[in-house]
Amino acid sequence: MRILVMSDTHGDAEIIRKVRNRHPEADTVIHCGDSELDYEHPYLEGAKRVRGNCDRDKRFPNEELFEAEGKKILVTHGHLFNVKSTTLNLFYRAKEVEADAVFFGHSHLLGAELIDDILFVNPGSLLKPRGIDQKSYVLVDFLEEIWKVTAYTDQGEEIFQTEFVQDNRMNM
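Draft legend 1. The overall build of the protein, seen in detail. Along the backbone of the protein there are two helices and 11 strands. Starting at the N terminus and ending at the C terminus, the protein contains elements arranged as β-α-β-β-β-β-α-β-β-β-β-β-β. Taking 172 residues into account, the globule formula puts the C-alpha radius of gyration at 16 Å, and the protein, at 15 Å, falls close to it. In terms of overall dimensions, the protein has C-alpha extents of about 40 × 30 × 30 Å along its principal axes. Considering only contacts within the protein whose residues lie at least 6 apart along the sequence, 48% involve residues at least 24 apart. Computed over 21 positive and 31 negative side-chain charges, the inter-centroid distance for the protein is 5 Å.

This is the structure we're talking about:
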């Protein structure tokens, strides 16, 4: 399973198109909100997409919960969980819905970590990054209980790659 994750593009539709075209092999495309585009914009077609605090189109859901290859995935922007201050509220929501992975934005801070066997990924921002100079997005691969997270610049240059082993025995 390969998931392409981006967030906080703030009206830059062209960067969405470029990133999607760069990774046609992605099984799932996720936009974590603040696209500031119409819900039915063609560059968001087929993507799992949620509403950020800057999105005006009310057709965007506040969160998306779906299953892919036996994994429950939660997508939200993060503003409703106060992620700029803490990820604890988001962690509780992930536990509540029994998510295996959570993708979120809002803070514009690129990062990935495994907490209590749940993968949390913020792809950063493709317009206004914080914490680093590079605009960023993420590819997440899942194979045989290993999450591989690779972060890229808007130009497709690798920023980092890290792997996390998910131990499903902890969820029993």
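Once you've had a look at it, read on.
Draft legend 2. Main features of the side chain of Thr28. Residue placement: Thr28 occurs in strand β2 (residues 28–31). Residue classification places Thr28 among the buried positions, given a relative accessible area of 13%. Those residues in contact with Thr28 that lie beyond four places of it in its chain are Arg2, Ile3, Leu4, Lys48 and Phe66.

Draft legend 3. The arrangement of the packing of aromatic side chains in detail. Counted by the stated rule, this structure contains five aromatic pairs. Taking 5.1 Å as the distance between ring centres and 80° as the angle between the ring planes, the aromatic pair formed by Tyr39 and Phe60 counts as edge-to-face. Of this pair, Tyr39 sits in the loop between β2 and β3 (48–49) while Phe60 is found in the loop between β3 and β4 (63–68), placing the two residues 21 residues apart along the sequence. Taking the relative accessible area as the measure of exposure, Tyr39 reaches 22% and is therefore partly exposed.

Draft legend 4. Fine view of the environment of Lys58. Within the secondary structure layout, Lys58 lies in the loop between β3 and β4. On the basis of relative accessibility, which here comes to 69%, the residue Lys58 falls in the exposed class. On a C-alpha basis, the gap between Lys58 and Tyr39 in space is 8.2 Å, while along the polypeptide they are 19 residues apart.

Draft legend 5. The sheet that holds strand β6 (residues 101–103), seen in detail. On the basis of which strands lie adjacent, the open sheet formed by five strands has the order β4-β5-β6-β8-β7 and mixed pairing. Looking along the sheet, the strands with just one partner apiece sit at the ends: β4 and β7 (110–115). Averaged over neighbouring strand pairs, the angle between their axes works out to 15° when direction is ignored. Across six bridges, β4 lies against strand β5 (residues 71–76) in antiparallel orientation. Looking at β5, one finds that Ala68 is bridged to Lys71. Contacting β4, β5, β6, β7 and β8 (118–123), helix α2 (residues 88–96) runs over the sheet at an angle of about 130° to β8.

Definitions and cut-offs
Residues numbered from 1 in each chain as written. Predicted model: local features only at pLDDT ≥ 70, side-chain atom pairs only at ≥ 80, totals over all residues. Heavy atoms only, no water. Helix = DSSP H or I, 4+ residues; strand = E, 2+ residues; numbered from the N terminus. Rg over C-alpha atoms; globule rule 2.2 N^0.38 Å. Contact = heavy atoms within 4.5 Å. Lys, Arg positive; Asp, Glu negative; His and termini not counted. Charge placed at Lys NZ, Arg CZ, Asp CG, Glu CD. Buried < 20%, exposed > 50% of the residue type's maximum accessible area, 1.4 Å probe, protein only. Phe/Tyr/Trp six-rings, centres within 6.5 Å; stacked < 30°, edge-to-face > 60°. Pairing = 2+ DSSP bridges. Axes fitted to C-alpha atoms, helices over the stretch in contact; angles between N-to-C directions.

These values are about where atoms sit, not about what they do.
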